[in-house]
Amino acid sequence: MEVKPITDAAFRKYGHLVDGLDVAGLLEKMKATPLPEDSTVYVASDPVLEGDSACEAITYSLFGGMPVQIGYCNGNNHKLNAVEYHRNSEINIPETDAVFIVGMQQDIEDDFTYDTSKMEAFYAPAGSVIELYATTLHYAPCNGKDGGFRVIVVLPKGTNTDIESREAATAEDRLLFARNKWLIAHEEAGLEGDGAFVGLKGENLCV
């Protein structure tokens, strides 16, 4: 894939870079989090990260005082595998360089399939504070350099945690994979066994 810098104008419809927040403490704490060599790990809420002084500023400035969770996604990854979206923005703060593959929820078709050829990839240097808008399709980051990635993930409290299934009320409910997490998987990802809706059409994009 062509990988553009996160500062490219093409990124503006997906999100923006946040200025003014001191996240040095968070980045330092991230260095102690695990980094798998051949997989990824996601932790929705990490008490050490949430205890950092930056948490209060993030809660106020980026979520308007709403309760948040601060966790991380770490590992080695080069594939898209799936896309997800939430009903709110997501904040990503790479501790290492990382690549984000993103698309637009508006391009999901009426049958909830989505063509991966519509997606774009953006390179974000370590220390960036990135807001991904609620309508931005995304999934796990990809390596920005050899050795893997570590990315802080900030979301409203409870997001990406287990949700009990219930009788569907809307057609979109088939995508609900976890709390505040709607997901469309690629057939190559092997997520169908976990209950994921398989609807990504085209190539399982690789960085």
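This text goes with the structure placed above it.
To keep things clear, this report deals only with the structure shown in the data block.

Rules behind the numbers
- Residues numbered from 1 in each chain as written.
- Predicted model: local features only at pLDDT ≥ 70, side-chain atom pairs only at ≥ 80, totals over all residues.
- Heavy atoms only, no water.
- Helix = DSSP H or I, 4+ residues; strand = E, 2+ residues; numbered from the N terminus.
- Rg over C-alpha atoms; globule rule 2.2 N^0.38 Å.
- Buried < 20%, exposed > 50% of the residue type's maximum accessible area, 1.4 Å probe, protein only.
- Contact = heavy atoms within 4.5 Å.
- Areas by Shrake-Rupley, 256 points an atom, 1.4 Å probe, with all protein chains shown as cover.
- Lys, Arg positive; Asp, Glu negative; His and termini not counted.
- Charge placed at Lys NZ, Arg CZ, Asp CG, Glu CD.
- Phe/Tyr/Trp six-rings, centres within 6.5 Å; stacked < 30°, edge-to-face > 60°.
- Lys NZ or Arg CZ within 6 Å of the ring centre and 35° of its normal.
- 1 Å grid on protein atoms, 1.4 Å probe; cavity = no way out; pocket = protein on both sides within 12 Å on 5 of 7 lines; lining within 4 Å.
- Points joined across faces, edges and corners; volume = space filled by probe spheres on them.
- Arc of directions from axis to C-beta.

This part is about the overall build of the protein chain. Within the protein chain one finds three helices and 17 strands. Taken over C-alpha atoms, the radius of gyration comes to 16 Å for the protein chain, in line with the 17 Å a tight globule of 207 residues would show. Within the span of the protein chain, comprising 207 residues, buried residues form 50% of the whole. Partitioning the contacts of the protein chain with sequence separation of at least 6, the portion at a separation of at least 24 is 79%. In the form shown here, the protein chain has an accessible surface area of approximately 10,000 Å², with 48% of it arising from carbon and sulfur atoms. For the protein chain, the separation between the mean place of its 16 positive charges and that of its 33 negative charges on side chains is 2 Å.

Using the criterion set out here, one finds four aromatic pairs in the structure. Aromatic pair Phe 11 and Tyr 14: ring centres 6.4 Å apart, planes at 45°, arrangement tilted. There is no split in this pair, since Phe 11 and Tyr 14 are both buried. Pairing Phe 11 with Phe 122 gives two aromatic rings, centres 5.2 Å apart and planes at 65°, and the pair type is edge-to-face. Taken together, the residues span a long stretch of sequence, with Phe 11 in the loop between β1 (3-5) and β2 (15-17) and Phe 122 in strand β9 (residues 120-124) at a distance of 111 residues. Residue class for Phe 11 comes out buried when judged on its relative accessible area of 2%. Taken together, the ring pairs in this structure connect Phe 11, Tyr 14 and Phe 122 into an aromatic cluster. Directly above the ring of Trp 182 sits Arg 87, whose terminal nitrogen or CZ lies 4.0 Å from the centroid.

Attention now moves to the layout of surface pockets. It is the rolling of a water-molecule-sized probe over the atoms that shows where space remains empty. Roughly 270 Å³ of volume is contained in the largest pocket. As for the largest pocket, its lining consists of 15 residues, and the residues nearest its centre are Tyr 42, Cys 73, Glu 84, Tyr 139 and Ala 140. Contributions of two or more residues to the lining of the largest pocket are made by β3 (40-43) and β6 (90-94). Among the elements that take part in the lining of the largest pocket, β3 stands out by supplying three residues, more than any other.

Turning our eyes to something else, we now look at helix α3 (residues 54-63). Inspection of α3 places Ala 54, Cys 55, Ile 58, Thr 59 and Phe 63 among the buried residues, and these make up the whole buried set. Along α3, the residues classed as buried sweep out an arc of 135° about the axis, all on the same side. For α3, exposure combined with an orientation more than 90 degrees from the buried face picks out Glu 56 and Tyr 60. Trailing α3 by a residue or two, Gly 64 shows a phi angle of about 60°, which is positive.

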